[in-house]
Amino acid sequence: MSAKTEKKNLRLCQIFKSLSGEGLRSGYPATLVRFGGCNLSCRYCDTKYSWNYYHNTSVEEILGDERVRSAGFIIIAGGEPFYQCDEIFRLIGILAKSKIVEIETNGVNLFDNIKKLYGALDLSDYKKNIRICSDYKTEESDEYARGALDGFELLTEKDCIKVVVQDFGDVDLAEKLVVRFRRTNVLVSPCYGEIDPAKLADYMIDKNYLNLKMQIQLNKFLWGDGNFEK
Ligand code: SF4
């Protein structure tokens, strides 16, 4: 497609190199592609700047970025990456041909989005390279029940559900997801500044939870609230 006819209808917030801070691949070096705009407004959101800070760009421009071209592992994040036009599915499909691609989604319309993603033309061979990390929103997020239970049925052992927990009741809720959606992984992440990670760890040990995994926000642990772009 020529530069003149490229569709510049993806809302790109930023691209940067970093370590993956969340999900099953936490700790791996990655290039993060963050899209702008979100269809939720969680109370604890730490990327509020992305709601309105973005510029329009095309699939081809993103693919041409050196940080994207050189990466073996791409994280597609937001905002909400699926709160974009359908060009997002084409972008992920192309990236997954040669890279591992993790999508961090809030879970809204997850069922439809996964169907669209895996239904995209010539994506099927590369499905194995795609990982989905979907939120499950608790009551304290102020966005309870706008997620994703239907879509969770489509997740597999390479995907995960992430629950940002603010109290121990949320951890018990996450355990219920483990029981209900055995094919995937459920991670609990302590809400930054609201629940002591050490106390959360003690609680999980006391309860002797099977298959419920704790994660901390690695980038915040390493770099605090500062800029973790590299
Ligand atoms: S879904 Fe994510 S990006 Fe959107 S408001 Fe909630 S925490 Fe922020």
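Here, every reference points to the structure presented above.
All residue numbers here refer to positions counted from 1 along the written sequence of the relevant chain. The predicted nature of this model means local features are confined to residues of pLDDT at least 70 and side-chain atom pairs, given and counted, to a pLDDT of 80 or more, with totals for whole chains, interfaces and linings taken over all residues. Based on all heavy atoms of the structure, the side-chain values leave hydrogens and waters out of the count.

## Re the site of the ligand
Inference 1: Put simply, a residue is near a molecule or strand once any heavy atom of it comes within 4 Å of that molecule or strand. Taken together, the neighbourhood of the ligand is formed by Cys38, Leu40, Ser41, Cys42, Cys45, Thr47, Trp51, Gly79, Asn106 and Lys137.
Inference 2: The residue inventory of the shell around the ligand, partitioned by class, reads five nonpolar, four polar and one charged. When residue character is reported, Ala, Val, Leu, Ile, Met, Phe, Trp, Tyr, Cys and Pro are called nonpolar, Asp, Glu, Lys and Arg charged, and the others, Gly included, polar.

## Brief notes about the pattern of salt bridges
Inference 1: Between Lys or Arg on one side and Asp or Glu on the other, a salt bridge is scored when a side-chain nitrogen of the former is within 4 Å of a carboxyl oxygen of the latter. Per the stated rule, a full pass over the model turns up twelve salt bridges.
Inference 2: Among the ionic pairs, lysine 220 bridges to aspartate 46, the shortest N-O distance being 2.5 Å. One end of the pair, lysine 220, is in helix H9 (residues 218–223); the other, aspartate 46, is in the loop between strand E2 (29–35) and helix H1 (49–52), with 174 residues separating them in the sequence.
Inference 3: A simple rule labels every residue: compare its accessible area, found with a 1.4 Å probe on the protein chains alone, to the largest value its type can have, and call it buried under 20%, exposed over 50%, or partly exposed in between. For aspartate 46, a relative accessible area of 42% translates into the label partly exposed.
Inference 4: A salt bridge links arginine 90 to glutamate 60, with the shortest nitrogen-to-oxygen separation between them at 3.1 Å. Note that arginine 90 is positioned in helix H4 (residues 87–95) and glutamate 60 in helix H2 (residues 59–64), a separation of 30 residues in sequence.
Inference 5: You can call arginine 90 partly exposed: its relative accessible area is 30%.
Inference 6: Residue glutamate 60 is classed as partly exposed on the basis of its relative accessible area, which comes to 23%.
Inference 7: Through salt bridges with shared partners, one network takes in Glu22, Asp135, Lys137 and Lys162. Helix and strand assignments follow DSSP, with helices taken as H or I runs no shorter than four residues and strands as E runs no shorter than two, numbered in order from the N terminus.

## Description of helix H8 (residues 197–207)
Inference 1: All buried positions along H8 are accounted for by Leu200, Tyr203 and Met204. Projected down its long axis, H8 carries its buried residues within an arc of 95°, all on one side. Seen from the buried face of H8, the exposed residues on the opposite side, beyond 90 degrees, are Lys199, Ile205 and Asp206. Read the arc as the range of directions from the helix axis to the C-beta atoms.

## A short note on the sheet that holds strand E9 (residues 212–214)
Inference 1: Pairing in this open sheet of nine strands is mixed, and the strands run E3-E1-E2-E4-E5-E6-E7-E8-E9 from one edge to the other. Single-partner strands in this sheet number two, and they are strand E3 (55–57) and E9. Strand-to-strand twist of the sheet, defined as the mean angle between neighbouring strand axes without regard to direction, takes the value 30°.
Inference 2: We call two residues in contact when some of their heavy atoms are within 4.5 Å. Orientation is described by axes fitted as lines to C-alpha atoms, over the contacting stretch for helices, and by angles from 0 to 180 degrees between their N-to-C directions. Contacts from H4 reach strand E1 (10–19), E2, strand E4 (73–77), strand E5 (100–105) and strand E6 (130–135) within the one sheet, and its direction differs from that of E4 by about 165°.
Inference 3: Across the face of the sheet, H8 comes into contact with strand E7 (160–165), strand E8 (185–190) and E9 while running at roughly 160° to E9. In this analysis, strands are considered paired if DSSP registers two or more bridges between them.

## A few points about the side chain of asparagine 113
Inference 1: Mapped onto the elements, asparagine 113 comes out in helix H5 (residues 110–119).
Inference 2: Given a relative accessible area of 9%, asparagine 113 falls into the buried group.
Inference 3: In contact with asparagine 113, other than residues within four places in its own chain, are Phe82, Phe89 and Val108.

## Considerations on the environment of leucine 155
Inference 1: Mapped onto the elements, leucine 155 comes out in the loop between helix H6 (149–152) and E7.
Inference 2: The class for leucine 155 is buried, based on a relative accessible area of 1%.
Inference 3: Remark: the alpha-carbon pair of leucine 155 and arginine 131, spanning 24 residues in sequence, is separated by 9.0 Å.
Inference 4: Once you skip the residues sitting within four places of it in the chain, leucine 155 turns out to touch Ile114, Ile132, Cys160, Ile161, Arg183 and Thr184.

## Let's talk about the pairing of E7
Inference 1: The element E7 is largely enclosed, with a buried count of six among its six residues.
Inference 2: Side chains Cys160, Lys162 and Val164 of E7 all project onto a buried face; the interleaved residues Ile161, Val163 and Val165 project onto the opposite face, where all are buried too.
Inference 3: Both E6 and E7 contribute to a ladder of three bridges, which runs parallel. In the strand pairing of E7, aspartate 135 is matched with lysine 162.
Inference 4: With six bridges connecting them, E7 and E8 associate as parallel partners. Following the sheet pairing, valine 165 is matched in E8 by proline 190.

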